[in-house]
Amino acid sequence: MKVLTLQIGVMKANCYIVYRRKSPGCVVIDPGGDVEIIMGLLEDKGLELNTILLTHGHFDHIGGIEELKEKTGAKIAIHSLEADSLTDPNKNLSYMINKEIKLEAPDIELEDGDEIRVSDMVFKVIHTPGHSIGGVTFRVGDLLFTGDTLFEGTIGRTDISGGSYDQLISSIREKLLVLDEKLTVYPGHGSQTTLGRERSYNPYLT
């Protein structure tokens, strides 16, 4: 499995392109903007975008989905509890940057335990609320894409609408830390890490 990491959009959030070397089908996770950069990489690698997966619906993670869908025909998938954040600037927090992001409803509303299959990759949906009510982590193989739930050395903020510190800690402890500590964590911001490292050194979890 190959992962291309881009820091894009107004907040330089992490966007990921996930694919298999010998298969053209791919997934893009959290395209927050700079669609021309994403499209350039897709074309350079000869990849066909099948699905846009969203860990949550905040503006810095969804800013590029409309244009990317127009250019590729990819389907947009987000947790059902987060779906209205695509259409509501108050819920996607775009008002914080003096911009109103109002998008169409998603093509796919996800639930905990769902599986999204692209080529021979299977992305399992793990509902991890706390940063937002419908935040999710995607697991594919030995990789975890945690959005703004878990970062290297810290956790997502919980002082915004839909946030809950207790719920976020519970999500991490009960849904993520029970998994193999060798799993690689690809967060919504910052550097990749491992579950084992966060279990041992993250001050919010030790």
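Scroll up to find the structure.
The structure reproduced in this document is the subject of the present report. What you see is a predicted model, and the numbers here were worked out from it, not measured in a lab. (Residues numbered from 1 in each chain as written. Predicted model: local features only at pLDDT ≥ 70, side-chain atom pairs only at ≥ 80, totals over all residues. Heavy atoms only, no water.)

### A look at the packing of aromatic side chains
Phase 1: Enumeration according to the criterion identifies 3 aromatic pairs in this entry.
Phase 2: Here the aromatic cluster, defined as three or more aromatic residues joined through ring pairs, consists of Y16, F145 and Y186. (Phe/Tyr/Trp six-rings, centres within 6.5 Å; stacked < 30°, edge-to-face > 60°.)

### Quick look at the pattern of salt bridges
Phase 1: Applying the stated rule across the entire model yields 9 salt bridges.
Phase 2: D107 is the salt-bridge partner of K69, the closest N and O atoms lying 3.0 Å from each other. Here D107 lies in the loop between α4 (89-92) and β6 (108-110) and K69 lies in helix α3 (residues 65-72), a separation of 38 residues in the sequence.
Phase 3: Residue classification places K69 among the partly exposed positions, given a relative accessible area of 24%.
Phase 4: One salt bridge in this structure joins E115 and R117, with 3.2 Å as the shortest N-O distance.
Phase 5: What makes E115 partly exposed here is its relative accessible area of 43%. (Salt bridge = Lys/Arg side-chain N within 4 Å of Asp/Glu carboxyl O. Helix = DSSP H or I, 4+ residues; strand = E, 2+ residues; numbered from the N terminus. Buried < 20%, exposed > 50% of the residue type's maximum accessible area, 1.4 Å probe, protein only.)

### With respect to helix α1 (residues 35-45)
Phase 1: Residues of α1 that are buried: V35, I38, M39 and L42. Across the axial projection of α1, the buried residues extend over an arc of 95 degrees, all falling on one side. For α1, the exposed residues lying more than 90 degrees away from the buried face are E36 and D44.
Phase 2: Looking at the residues trailing α1, positive phi occurs at G46, about 70 degrees. (Arc of directions from axis to C-beta.)

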